[in-house]
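# Examining the three-dimensional arrangement
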Amino acid sequence: MKRYPLILGIILFSVGLASAQDDAAELAKKLANPIASLISVPFQNNTDYGIGDFKGTRNTMNIQPVIPISITKDWNMISRIVLPVVTQYNITAPGEKQAGLGDAVMSAFFSPANSEKLTWGVGPAFLLPIGTNDFLTTKKFGMGPTAVALKQTNGWTIGGLVNQIWSVAGNADRPDVSQMFVQPFVNYNWKSGAGIGANMEWTQNWKASTTTVWLNPTISAVTSLGKQKTQFVVGPRLNLAAPDGGKADWGWRAVVIFLFPK
């Protein structure tokens, strides 16, 4: 009879562990989907070294809250903003430093609430000229379309995001903006919530005829800080292409994402 409480305890522990793993796996799956019905607040830090002719350094902290809103029983709107906080040294000239906010990009994806085979969303994207330093802002308000599509199966997430922004107002002395951003991504998540993946960030400046490409391999894990569900992501950054005098030797990415499941 004395063994029963021990056996019961083992059973309850196993059930609790399985439940926790299921929760982590489900959160990891949603996080791999940019338009999942999940409120999240990522803090994505990118540090890049050996940039350009002056071997400068740039640190960019992207604050990227994602908030889904149920419009009807069949449609969601997922709002997303990317707010960069930038500090850079030896980029514009030797010994020069710039720090402050960069221009923000705000997107709204309209997506079916129940999509079984292919998850997708389309909507507008806006360039908001809120940069606090002349070197960190276009001083142009812009807008254009954005879209995302992805497939999730057996732990895999494969998809891509794209936007194209044109300037429509702003400082007449600054160059017009016509810029495309393409981000293909692939992720694999285990049932524990751990994951491995990569994305490519391709920015095409049509006005200046320049191309910037980053490859970002990452590993990730979902855990709890007290009652707060959190994901940690880390990995190197590889600058595959950049405008003349702007390529980085190497970099790294670290992300903390605070999760607020509905």
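What counts as what
- Residues numbered from 1 in each chain as written.
- Predicted model: local features only at pLDDT ≥ 70, side-chain atom pairs only at ≥ 80, totals over all residues.
- Heavy atoms only, no water.
- Helix = DSSP H or I, 4+ residues; strand = E, 2+ residues; numbered from the N terminus.
- Buried < 20%, exposed > 50% of the residue type's maximum accessible area, 1.4 Å probe, protein only.
- Areas by Shrake-Rupley, 256 points an atom, 1.4 Å probe, with all protein chains shown as cover.
- Salt bridge = Lys/Arg side-chain N within 4 Å of Asp/Glu carboxyl O.

### Remarks on the overall build of the protein chain
A tally of helices and strands in the protein chain yields 1 helix and 14 strands. For the C-alpha atoms alone, the extent of the protein chain along its principal axes is close to 85 × 45 × 25 Å. A buried classification covers 36% of the 262 residues belonging to the protein chain. Surface accessibility of the protein chain: about 14200 Å² in total, with carbon and sulfur atoms responsible for 64%.

### Describing unusual backbone geometry
Phi at Asn 90 is positive, roughly 55 degrees, even though this residue is not glycine. Positionally, Asn 90 belongs in the loop between β4 (75-89) and β5 (97-101). Its identity as a non-glycine residue notwithstanding, Asn 154 has a phi of 50 degrees, on the positive side. Within the element layout of this structure, Asn 154 appears in the loop between β8 (140-153) and β9 (156-170). Its relative accessible area of 67% is what places Asn 154 among the exposed residues.

### Re the pattern of salt bridges
Applying the stated criterion across every chain, the model contains 6 salt bridges. Put simply, Glu 201 and Arg 237 hold a salt bridge, and the shortest N to O gap is 3.9 Å. Linking Glu 201 in strand β11 (residues 195-205) with Arg 237 in strand β13 (residues 228-241), this pair joins segments that are 36 residues apart in sequence. As far as burial versus exposure is concerned, Glu 201 and Arg 237 are alike and both buried. Across the pair Glu 201 and Arg 253 runs a salt bridge whose closest N-O atoms are separated by 3.1 Å. With a gap of 52 residues between them, Glu 201 in strand β11 and Arg 253 in strand β14 (residues 250-260) connect regions that are remote in the sequence. You'll find Glu 201 and Arg 253 in the same group, each marked buried. Three or more residues joined by partner-sharing salt bridges are found here, namely Asp 48, Glu 201, Arg 237 and Arg 253.

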